[in-house]
Amino acid sequence: MSVPSVEGENMKEIGRLKHRDDDGEEVLVVYRARYATGNLAIVVKTDQGEEYATVSENHHPHLALLGPNEFAVQTRNMTSRFVCDLLASGLFEVVDMVKFGPFGTVEQIWRLKS
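Residues numbered from 1 in each chain as written. Predicted model: local features only at pLDDT ≥ 70, side-chain atom pairs only at ≥ 80, totals over all residues. Heavy atoms only, no water.

> Please explain the pattern of salt bridges as it appears in this structure.
Pairing of side chains with opposite charge becomes possible as their charged atoms draw close. Tallied over the entire structure, the rule returns five salt bridges. For Arg16, the salt bridge goes to Glu13, with nearest N and O atoms at 3.1 Å. Overall, the relative accessible area of 48% leaves Arg16 in the partly exposed class. Owing to a relative accessible area of 38%, Glu13 belongs among the partly exposed residues under this scheme. (Salt bridge = Lys/Arg side-chain N within 4 Å of Asp/Glu carboxyl O. Buried < 20%, exposed > 50% of the residue type's maximum accessible area, 1.4 Å probe, protein only.)

> Explain the nonpolar core to me, please; I cannot follow it from the model alone.
Considering soluble globular proteins, one finds that nonpolar side chains tend to be buried as a cluster. Judged by nonpolar contacts, the single largest core of 18 residues is most densely connected at Val55, Phe71, Phe82, Leu86, Phe92 and Trp110. When residues of this core are traced back to their parent elements, those giving at least two are strand E2 (24-34), strand E3 (40-46), strand E6 (70-73), helix H1 (80-88) and strand E8 (105-112). The next biggest cluster of nonpolar side chains, apart from the first, holds seven residues, and it includes Met11, Tyr31, Ala33 and Val43. (Core = buried A, V, L, I, M, F, W, Y, C linked by side-chain atoms within 4.5 Å. Helix = DSSP H or I, 4+ residues; strand = E, 2+ residues; numbered from the N terminus.)

> Explain the packing of aromatic side chains to me, please; I cannot follow it from the model alone.
Two aromatic rings, taken as a pair, are described by how far apart their centres are and by the angle between their planes. All chains considered together, the criterion is met by four aromatic pairs. Taking the centre distance of 5.7 Å and the plane angle of 75° together, the rings of Phe71 and Phe92 count as edge-to-face. Here Phe92 lies in strand E7 (residues 92-100) and Phe71 lies in strand E6, a separation of 21 residues in the sequence. Here the two residues Phe71 and Phe92 agree in accessibility, since each one is buried. (Phe/Tyr/Trp six-rings, centres within 6.5 Å; stacked < 30°, edge-to-face > 60°.)

> Help me understand the sheet that holds strand E1 (residues 12-21) in this model?
Working definition: the strands of a sheet are paired by backbone hydrogen bonds and lie parallel or antiparallel to each other. Ordered in space as E1-E2-E3-E4, the four strands form an open sheet in which the pairing is antiparallel. Looking along the sheet, the strands with just one partner apiece sit at the ends: E1 and strand E4 (51-54). For this sheet, the mean inter-axis angle between neighbouring strands, taken without regard to orientation, is 30°. Taken together, the seven bridges between E2 and E3 define a ladder with antiparallel strand orientation. The residue of E3 that forms the bridge with Val29 is Lys45. (Pairing = 2+ DSSP bridges. Axes fitted to C-alpha atoms, helices over the stretch in contact; angles between N-to-C directions.)

> Looking at this model, I keep getting lost on the pairing of E3. Mind explaining?
Look at any regular strand and the pattern is simple: side chains alternate between the two faces of the sheet. Counting buried positions along E3 gives seven out of seven residues, so the element sits mostly inside the fold. The side-chain alternation of E3 yields two buried faces, one formed by Leu40, Ile42, Val44 and Thr46 and the other by Ala41, Val43 and Lys45. What sits between E2 and E3 in their antiparallel hairpin is a turn of five residues, with Gly38 showing a positive phi close to 95°. Two elements, E3 and E4, share three bridges in a ladder whose sense is antiparallel. Counted as the bridge partner of Val44 is Ala53 from E4. Linking E3 to E4, which pair antiparallel, is a turn of four residues; within it Gly49 sits at a positive phi near 90°.

> What's the story with H1 in this structure? I'm lost.
The periodicity of an α-helix, 3.6 residues per turn, causes residues three or four places apart in sequence to face the same way. Inspection of H1 places Phe82, Val83, Asp85 and Leu86 among the buried residues, and these make up the whole buried set. Projected down its long axis, H1 shows its buried positions confined to an angular sector of 160°, all on one face. Of the residues in H1, the exposed ones pointing more than 90 degrees away from the buried face are Ser80, Cys84 and Ala88. Directly beyond the C-terminal end of H1, a positive phi value near 80° is found at Gly90. (Arc of directions from axis to C-beta.)

Structural data, given as structure tokens:
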């Protein structure tokens, strides 16, 4: 999973979570940022700063009428265990399911809890 170009001052740590996969358990750091379109970006890195995943997906603002703390989630590119760990972190809540684009991709909409 690739991390969007949202590095630098734009990145703000919002929390940490424990994630267990086949290689064991590790602590991951969750960041919020903004894409160039202004949409909320959620990026996850290891506690050593290595890229791990981009949770959010950047959609054209006209395709997705999202609230200020809402974002489309790339669940199709993540394991179900990782999705469960993200939700169990208490940082997010599921808001809705939305169909995007000409191919009808269905994605979850999550909200960043304050």
